[in-house]
Amino acid sequence: MDSPRWLPLESNPEVMTKFVSCLGMKPSWQFGDVYGLDPELLSMVPRPVCAVLLLFPVTEKYEAFKQEEEERLKGQGQGVSPDVYFVKQTIGNACGTIGLIHAVANNQAHLQFEPNSPLKKFLEQTAKMTPEERATYLEKDESIRVTHESSAQEGQTEAPSLDEKVNLHFIAFVNVGGQLYELDGRKPFPIVHGKTTEDTLLEDAVEVCKVFMARDPQEVRFTIIALSKDSF
């Protein structure tokens, strides 16, 4: 059986904020663009920041690195906290939604939800599941799928067709227990990137984003989005 495919979400903070709002997250935290990587531009991002999303091109160089990283980490292991909420991506083009779920799921102590929030309900029902079980559950979650589809068609650029191969991918960076985690549903497990704090999460995540950019110096298709407490 073919795995399901969704329309890709645009890397548009307004679309993302509306998406999580439609699923019952209160708007006290909002997504906004990070316009540059130097300290002056980072200082313009409202604080606190509880998650960072990176949109990047999946190139041959990246795929080779991903394979090498997976084999290396399987050999040496990493200490991943059991508190990290991680979901595998089994739905084509759903990386934007998976990224948003990773950002929200690992910040439930900060975020607030409406009483009947479909997103909060999904997180509660999948809390004790494995990453693979969460992926299967997401495939069957109509409220998230329908919201994803309507959000995907709301962006400023025309949404590509379901079958069009999209070679841009979303991942999330979050702080869980003082560690910076990269959460990518295409990878078999979370990636630990060392220590971080609530105050330095944006800067620490940006350092990792710079490594992604340095790996493909000819590429310009990188977008960084922060989930911040104040509106942009």
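Residues numbered from 1 in each chain as written. Predicted model: local features only at pLDDT ≥ 70, side-chain atom pairs only at ≥ 80, totals over all residues. Heavy atoms only, no water.

Student: How would you sum up the overall build of the chain? Please name residues and give values.
Tutor: When its secondary structure is counted, the chain shows eight helices and six strands. Scanning the chain from its N terminus toward the C terminus, one meets helices and strands in the order α-β-α-β-α-α-α-α-α-β-β-β-α-β. Taken over the C-alpha trace, the chain has a radius of gyration of 17 Å; the compact-globule value for 232 residues is 17 Å, and the two agree within 12%. Each principal axis of the C-alpha distribution contributes one length, and for the chain these read about 40 × 40 × 40 Å. (Helix = DSSP H or I, 4+ residues; strand = E, 2+ residues; numbered from the N terminus. Rg over C-alpha atoms; globule rule 2.2 N^0.38 Å.)

Student: Talk me through the pattern of salt bridges; I want residue IDs and the actual numbers.
Tutor: Per the stated rule, a full pass over the model turns up 10 salt bridges. Between E63 and R186 there is a salt bridge whose closest N-O contact spans 2.9 Å. With E63 in helix α3 (residues 60–76) and R186 in the loop between β4 (179–183) and β5 (191–195), this residue pair connects regions lying 123 residues apart in the sequence. Look at R186 and you get partly exposed, because its relative accessible area is 29%. Each of E69, E182 and K187 takes part in salt bridges that share partners, so that together they form one network. (Salt bridge = Lys/Arg side-chain N within 4 Å of Asp/Glu carboxyl O. Buried < 20%, exposed > 50% of the residue type's maximum accessible area, 1.4 Å probe, protein only.)

Student: Residue-level account of the sheet that holds strand β3 (residues 168–176), with values.
Tutor: An order of β1-β6-β2-β3-β4-β5 is seen for the six strands of this open sheet, with the pairing classed as antiparallel. What marks the edges here is a single partner per strand, and that holds for β1 (30–33) and β5. Averaged over neighbouring strand pairs, the angle between their axes works out to 25 degrees when direction is ignored. Most of the contacts of helix α8 (residues 201–215) go to strand β2 (residues 49–57), to which it runs at about 10 degrees, and overall it touches β2, β3, β4, β5 and β6 (223–228). (Pairing = 2+ DSSP bridges. Axes fitted to C-alpha atoms, helices over the stretch in contact; angles between N-to-C directions. Contact = heavy atoms within 4.5 Å.)

Student: For the side chain of T17, give the residues involved together with the corresponding values.
Tutor: Position of T17 among the secondary structure elements: in helix α1 (residues 13–22). A residue is classified by how much of its surface remains accessible, and T17, at 12% relative accessible area, is buried. Among the polar contacts listed, one links the side chain of T17 to the backbone nitrogen of F31, at a separation of 3.0 Å. Apart from the residues lying within four places of it in its own chain, the contact partners of T17 are Q30 and F31. (Polar contact = N/O pair within 3.5 Å; in protein donor to acceptor, adjacent residues only side chain to side chain.)

Student: Could you give an account of the packing of aromatic side chains, with specific residues and numbers?
Tutor: Within this structure, the stated rule accounts for five aromatic pairs. Ring centres of F122 and Y137 lie 5.9 Å apart, and the angle between their planes is 45 degrees; on these two criteria the pair is classed as tilted. With F122 in helix α5 (residues 118–126) and Y137 in helix α6 (residues 131–139), this residue pair connects regions lying 15 residues apart in the sequence. Y137 gets classed as partly exposed once you look at its relative accessible area, which sits at 29%. Following the ring pairs from residue to residue traces out a cluster consisting of F56, Y62, F65 and F212. Sitting over the ring of Y85, R134 keeps its end group 3.9 Å from the ring centre. Sitting over the face of the ring of F212, R215 holds its NZ or CZ atom 5.0 Å from the ring centroid. (Phe/Tyr/Trp six-rings, centres within 6.5 Å; stacked < 30°, edge-to-face > 60°. Lys NZ or Arg CZ within 6 Å of the ring centre and 35° of its normal.)

Student: I'd like a rundown of the environment of C22, residues and numbers included.
Tutor: Here C22 lies in helix α1. Separated by 121 residues in the primary sequence, C22 and S143 place their C-alpha atoms 9.5 Å from one another.

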